[in-house]
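# Breakdown of the fold
Each chain is listed here by its residues.
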Amino acid sequence: MAGASAPKRQDTRKFFENLSGAGKSIAVLTSGGDAQGMNAAVRAAVRMGIYVGAKVYFIHEGYQGMVDGGDNIKEAKWESVSSMLQVGGTVIGSARCKDFRTHEGRLKAAHNLVQRDITNLCVIGGDGSLTGANLFREEWSSLLEELLQQGLIDEEATQRNSELHIVGMVGSIDNDFCGTDMTIGTDSALHRIIEVVDAIMTTAQSHQRTFVLEVMGRHCGYLALVSALACGADWVFIPEMPPEDGWEDNMCQKLSEIRSRGSRLNIIIVAEGATDRQGQHITSDFVKDLVVRRLGFDTRVTILGHVQRGGTPSAFDRILASRMGVEAVLALLEASANTPACVVSLVGNQAVRLPLMECVQMTQEVQKAMDEKKFDEAVRLRGRSFENNLSTYRLLSFRKADSELPNSSFNVAVMNVGAPAAGMNAAVRSAVRVGITEGHKMFAVNDGFEGFYKGQIKEIKWGDVGGWTGQGGSLLGTKRTLPGKHLDKIAEQMRIHNINALLVVGGFEAFESILQLYVARADYEEFCIPMCILPATISNNVPGTDLSLGADTSLNAIVETCDRIKQSASGTKRRVFIIETMGGYCGYLATVGGLAAGADTVYIYEEPFDIRDLQANVEHLTEKMKTSIQRGLVLRNENCNENFTTDFIYQLYSEEGRGVFDCRKNILGHMQQGGAPSPFDRNFGTKIAAKAMQWITRTLKESYKGGRVFANSEDTACLLGMRRRSLVFQPVAQLRDETDFVHRIPKEQWWLKLRPLMKILAKYKTSYDVSDSGQLEHVTRVRPKDNNTSTAI
C-alpha cells in the first residue's frame, strides 16, 4: 500500500495460503528473442510454484522443446534455478519454432504435456510467442479429442487435463507490447546503450565528431527515444513518428547551431526501423553521408547490434521479473475455465493482469496505424509513457528563438538540497530548459540553502546545462543545511533577486526545508511563492513518493557488487557474506537490493528482529549448505538495530556457523552514492522536472495578482511524487502527518510488501498478502485520471 492515503488493510487482506498448488503441474518456457531478466522470471516462477506445492517443469528450447518432448521437458528442483538471477539471456534456451505453427506440431506438443499432466503454462516471450500460446489454448480441447481418437491418450487423461491455463510475461528488449509500461529486458538494453553512448561522448568530444548510433527497434522506437532522452541526443529517428518532409535541412541547421554555441560533439540516434514520411528507410549510413556532405563534420557510425541483448540484467529487470514470476503463478492458481489467457505486467508501480489478446490486438493496431501513415495515432496507441517521452524530448531538445518565447517576466530558482543523488543534474537541466521555454528567467542556487543565504545565486542559460544528463552527483553543489536558522537572509536574497518560484531537488532535507519555508510564510511574505520538491535521495525515504531519484542507480551499484562478491565464493565453498548497505533508517536499498541479488536474509529497522530470529537465520543457512548451493548472502541496513551491528552479526554467524561455513563482511559505503546515473534515473529526473516546471508556470499565473506573485495556500508548496500509477503533486503540509520525523521515514512504505516475496524466494515459510496482487483489467480502459503522469521511464 502506498502512503497513508491508502485504505486501512485490516479486513481486506487475503493470504495465498488458501491458494494451493498441490496436484497441479506448471511448465515454464522462454520463447522468441532472448531478453535480460528472463532467468529471474524463470527462477521466481519455479520457486513460487514449488513453494505452493505444485510440480514445476522446465521446457527447454521454447516451443521446439514442447514439440520434441523427451529430455526437453524436465522437472525443476529448488536448486535448479540457483545462480541464474544474475545471468543474461535465458539458461533454459529459446528457439524460433516453425513446427509449433503447424497443427501437427501443436498436436505433438499437447501429447507431451498430457503425458506429464501439465495444464498450466507460464510463457515468457514477445507478442508472437504469446499469440501462439493463446491459439494453443483455444485448440486444446479439440487437440485432446484428436489424441483420444488416435488412441494416444485415454479418457481419464482427457478428463484430468481438460483445461489449459496460460499466463504470459512479456520478455522483449524493444518494449513493443501494449498494455505494459515496461517489458522484461528493456531497462537492461537501455543500460547497454547508455554505457556505449557515455563512452562515445568522451571520444567525440576529443575530436569534435558527430556520432550516428543505430539501436534495435524494427517496429518500435522506444529504445531510440528513451536513450535519446537519457543522453540528450541532438536528433532521433523512430518508426512511430517519421521526421517532417524537409528534415534534412532542419537537422543540419540544428547541428550547426549546436556547434556554433560551443558544443564539440553531436549525437544522432537512429532506430533500425526508422523511415521517412514516404516509408523510405532512413539508415545510419544515409544520415552520416548527409552530415558529411552538407556540413563537412567528421562523422562516424556505430551500430550497437546484439550488444543490447547481452550482459547481466539490471536491478530493475530483476525486480520486475521476480515480481512478475510470482504474480504469474498466483494468476495460474486463480485461473478458471472462463478466465481469458492473461499477461502479468507492471503499470507504474503496480502489478496488473491484462487479457493477452487485447494487448496483442492493441500492439497490432500500432503497426496498422504506422502502415496507414497515421503517425499521431501510432504514438497514442503506444501508450501514455511513450507519448510523454516524445513530448518531453521535443520540449528539451529544440530551442526556440528568443523572439518566439513567451515573456513571463517571472524569475524561478532551482537548487539541490541534502546528499548528492544520481539524476539530480538531469532534473536541473530539464527544469532550466523547460523554464526558459515557458518564458521564465532561470536562476541556479549553489550549495543548497547555505549558498542561498550567502547570495550564491546567478542566472543559468540554456547552454549552461548542456551535457548534464549523464553526470553523477550534484553540479550545482548541495548541502544538508536547513533554512530555519537563516530565514531573514534567505528572504533578503529572494527580494534582491526577485525570486517568484522555487524548485528544490533533494532528499528528506529538501522536504523539511520546504516545510520550514511554508510554516514561515506567516512571517515572511517572500516565501508566499509557488514551491515544489522533486524527491532525490538514494535512501528512498521521502514521504509522498514510491520512488526517489537516485535510488535506481544506487540499487544497481549494490547489485553489481553483490554479484561480484557471490562470484568470489564460487571457488571457496560454504561461505556466507554479511553486507551493510546505506539508507539511514529506511530499509528500501537493503530489501530491494536483497531481492535483486538473491539474498538469504535482509535485516532492516522497519521489521524488528531479535536474537531468536538471528539464530533461525543461521540454522536456515546451515541447512542450505547441505544442498548444492553452498554460499549465503545476508544484507543489513546500516541503522537496522543499534546493538546488532554488522560486526556483531558477523561474529555471531562466524561462531554459530563454525565447521559448517565461514564468514566475510563488507561495508559498501559511499560507492552507493556515486557513479553515472542509470537510464531510469536520467529519464525519471528529466520527466518529473519538466512536469514540475509546468506546474510552477500554472501556479505562477494563478497567483499573479495586482502586479505581483502571492501564493500562500497549502497547495502552492508541493512535493511531486510517484504514487502507484501516477505522478501526484501533494502539499507538504498534508505529508507532515504521514512522516516519522525522528527516523526520517514515511509511516507507511509500499516496498515492505516485497519482503515476503524475498523470503519465499529464499525458501522461508511466510505469509504473503495477495490482496494487492493484480486484478484482471482491460487494455482499452482509460487509465486513472492524470495519467499523462505515467511513471514508466
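Note that residues are indexed from 1 along each chain, following the sequence as it is written. In keeping with the predicted nature of the model, local features appear solely for residues at pLDDT of at least 70, side-chain atom pairs appear and are counted solely at 80 or more, and the whole-chain, interface and lining totals rest on all residues. As a rule here, side-chain values cover all heavy atoms of the structure and leave hydrogens and water aside.

Secondary structure elements are taken from DSSP: a helix is a run of H or I of four residues or more, a strand is a run of E of two residues or more, and numbering for both begins at the N terminus. For T392, the position within the fold is in helix α13 (residues 384-397). Owing to a relative accessible area of 7%, T392 belongs among the buried residues under this scheme. Among residues more than four places away in sequence, those in contact with T392 are L229, T686, K687 and A690. With a 1.4 Å probe rolled over the protein chains alone, any residue whose accessible area is under 20% of its type maximum counts as buried; one over 50% counts as exposed, and the rest are partly exposed. The contact criterion used throughout is that any non-hydrogen atoms of two residues lie within 4.5 Å.

Within the element layout of this structure, K400 appears in the loop between α13 and β12 (411-417). The partly exposed category is assigned to K400, whose relative accessible area is 38%. Sequence separation between K400 and I436 is 36 residues, and the spatial gap between their C-alpha atoms is 9.2 Å. Once residues lying within four places of it in the same chain are set aside, the contact partners of K400 are L405 and T437.

The next subject is the confidence of the model for the protein. The predictor's confidence in any single residue is recorded as pLDDT, a number from 0 to 100. Across the protein, pLDDT averages 91, with 95% of residues at or above 70. Segment residues 1-13 is flagged for pLDDT under 50; beyond a separation of four residues in sequence, or across chains, it makes 25 contacts in the model. Here residues 781-793 is a poorly scored stretch, pLDDT under 50, and it has 49 contacts once near neighbours within four places are set aside; other chains count.

This part takes up helix α12 (residues 375-382). For α12, the set of buried residues is F375, A378, V379, L381 and R382. Axial view of α12: buried residues confined to an arc of 165°, hence all on one face. Once α12 finishes, G383 follows within two positions and takes phi at roughly 115°, a positive value. Each C-beta atom gives one direction from the helix axis, and the arc is the one those directions make.

The next point concerns the pairing of β12. With seven of its seven residues buried, β12 lies for the most part within the structure. Neither face of β12 is left uncovered, since the one carrying N411, A413, M415 and V417 and the one carrying V412, V414 and N416 both have all their residues buried. In terms of strand pairing, β12 meets strand β13 (residues 441-445) through four bridges, oriented parallel. Considered in β13, the bridge of N411 is made with K441. The criterion for strand pairing is that DSSP finds at least two bridges linking the strands in question. Bridge count between β12 and strand β15 (residues 478-479): two bridges; the pairing is parallel. Considered in β15, the bridge of N416 is made with T478.

By the element assignment, P679 lies in helix α22 (residues 679-702). Judged by its relative accessible area of 3%, P679 falls in the buried class.

Turning our attention to the environment of L144. With respect to the helices and strands, the residue L144 is situated in helix α4 (residues 127-149). Under the relative-accessibility criterion, L144 is labelled buried at 2%. The spacing of L144 and E155 is eleven residues in sequence and 9.6 Å in space, taken between C-alpha atoms. With residues up to four places along the chain from it excluded, the contact list for L144 reads V114, I153, T158, N161 and S162.

The subject of this paragraph is the pairing of strand β11 (residues 350-355). For β11, the buried fraction is high: six of the six residues fall into the buried class. One ladder, built from six bridges, connects strand β10 (residues 342-347) with β11; its direction is antiparallel. For C342, the partnering residue across the bridge sits in β11 and is P355. The antiparallel pairing of β10 with β11 creates a hairpin that spans two residues between the two strands, and G348 there sits at a positive phi of about 65°.

This part covers the sheet that holds strand β1 (residues 25-30). Pairing within the open sheet is mixed, and its seven strands lie in the order β3-β2-β1-β4-β5-β10-β11. Only two strands of the sheet have a single partner each, and these edge strands are β3 (73-75) and β11. Strand after strand, the sheet turns through a mean of 25° between neighbouring axes, direction not considered. As paired strands, β1 and strand β4 (residues 120-125) are joined by five bridges and run parallel to one another. Within the sheet, the bridge partner assigned to T30 lies in β4 and is I124. Against the sheet, helix α1 (residues 38-51) touches β1, β2 (55-59), β4 and β5 (165-170), its axis set at about 175° to β1. Between the N-to-C directions of two axes lies an angle of 0 to 180 degrees, each axis being a line fitted to C-alpha atoms and, for a helix, fitted only over the stretch in contact. Sheet strands touched by α4: β4, β5 and β10. Its angle to β5, the strand with the most contacts, is close to 175°.

To continue, consider the sheet that holds strand β7 (residues 235-237). Strand order in the open sheet formed by four strands is β7-β8-β6-β9, and the pairing between neighbours is parallel. Of all strands in the sheet, those with a lone pairing partner are β7 and β9 (299-303), marking the two edges. The mean angle between the axes of side-by-side strands here comes to 15°, regardless of whether they run parallel or antiparallel. Of the strands in this sheet, β6 (210-215), β8 (266-271) and β9 are in contact with helix α6 (residues 186-207), which crosses β6 at around 165°. Sitting on the sheet, helix α8 (residues 247-260) is in contact with β6, β7 and β8, with an inclination near 150° to β7.

What follows deals with the packing of aromatic side chains. Here the aromatic set is Phe, Tyr and Trp, taking the six-membered ring for Trp, and pairing holds for ring centres within 6.5 Å; pairs whose planes are under 30 degrees apart are stacked, those over 60 apart are edge-to-face, and all others are tilted. Counted by the stated rule, this structure contains 20 aromatic pairs. Their ring planes at 70° and their centres at 6.0 Å tell us that F508 and F741 sit as a pair that is edge-to-face. Of the two residues, F508 is situated in helix α17 (residues 508-519) and F741 in the loop between β26 (739-740) and β27 (745-746); the sequence distance between them amounts to 233 residues. Ring-pair connections join several aromatic residues into one group, and the members of that group are Y63, F100, F136 and W140. Either the NZ atom of lysine or the CZ atom of arginine qualifies as a charge over a ring when it sits within 6 Å of the ring centre and within 35 degrees of the ring normal. One Lys or Arg, R259, reaches over the ring of F297 and ends 4.3 Å from the middle of that ring. Here K765 stacks its cationic end above the ring of Y51, 4.4 Å away from the centre of that ring.

This paragraph deals with unusual backbone geometry. Residue E61 is not a glycine yet carries a positive backbone phi of 60°. Here E61 is to be found in the loop between β2 and α2 (62-68). Using a relative accessible area of 36% as the deciding quantity, one classes E61 as partly exposed. One non-glycine residue, S83, adopts positive backbone phi at about 65°. One can find S83 in the loop between β3 and α3 (103-115). The class of S83 is partly exposed, set by a relative accessible area of 37%.

At a closest axis distance of 10 Å, the pairing of helix α20 (residues 611-624) and helix α21 (residues 646-656) adopts a crossing angle of 50°. Judged by the angle between their axes, α20 and α21 are oblique. Where α20 crosses over α21, the two elements pack in a sense that is right-handed. On the side of α20, the interface is formed by I611, L614, Q615, N617, V618 and L621, while α21 contributes F648, I649, L652, Y653 and E656. Across the contact of α20 with α21, the residue classes tally to eight nonpolar, two polar and one charged. Oblique is the label for every angle not falling under 35 degrees (roughly parallel), over 145 degrees (roughly antiparallel), or within 65 to 115 degrees (roughly perpendicular). Take the far helix as your reference; a near helix turned counterclockwise from it by less than a right angle gives a left-handed crossing, and one turned clockwise gives a right-handed crossing. In the scheme used here, Gly and all other residues not listed as nonpolar or charged are polar, with Ala, Val, Leu, Ile, Met, Phe, Trp, Tyr, Cys and Pro taken as nonpolar and Asp, Glu, Lys and Arg as charged.

So, about α13. Here the expected span of a helix is defined as 1.5 Å times the quantity of residues minus one. Compared with an ideal rise of 1.5 Å per residue, which puts 14 residues at 20 Å, α13 spans 20 Å between its outermost C-alpha atoms and is within 8% of the ideal. Restricting attention to buried positions, one finds in α13 the residues S385, F386, N388, N389, L390, T392, Y393, L396 and S397. Those residues of α13 that are buried lie in contact with α7 (222-231), β7, α8, α12, α14 (424-437) and α22.

Residues grouped as a nonpolar core are buried Ala, Val, Leu, Ile, Met, Phe, Trp, Tyr and Cys residues, joined through side-chain atoms within 4.5 Å. With 192 residues, the main nonpolar core has I269, L502 and Y588 as its most contacted residues. Of all the elements, helix α10 (residues 315-334) adds the most residues to this core, at 13 residues. Setting aside anything within four residues of it in sequence, one finds I269 in contact with L213, V215, A224, S227, A228, C231, A233, W235, V236 and F237. By size, the runner-up hydrophobic cluster in this structure holds 47 residues, among which are A27, A157, M370 and L381.

Next up on the list: the packing of α7 against α13. For the pair α7 and α13, the least separation of the axes is 10 Å and the interaxial angle reads 45°. What the angle tells us is that α7 and α13 run oblique. Of the two elements, α7 crosses α13, and the hand of that crossing is left-handed. Mapping the contact onto sequence places Y222, L225, V226, A228 and L229 in α7 and S385, F386, N389, L390, T392 and Y393 in α13. In terms of residue class, the contact of α7 with α13 is built from eight nonpolar, three polar and no charged.

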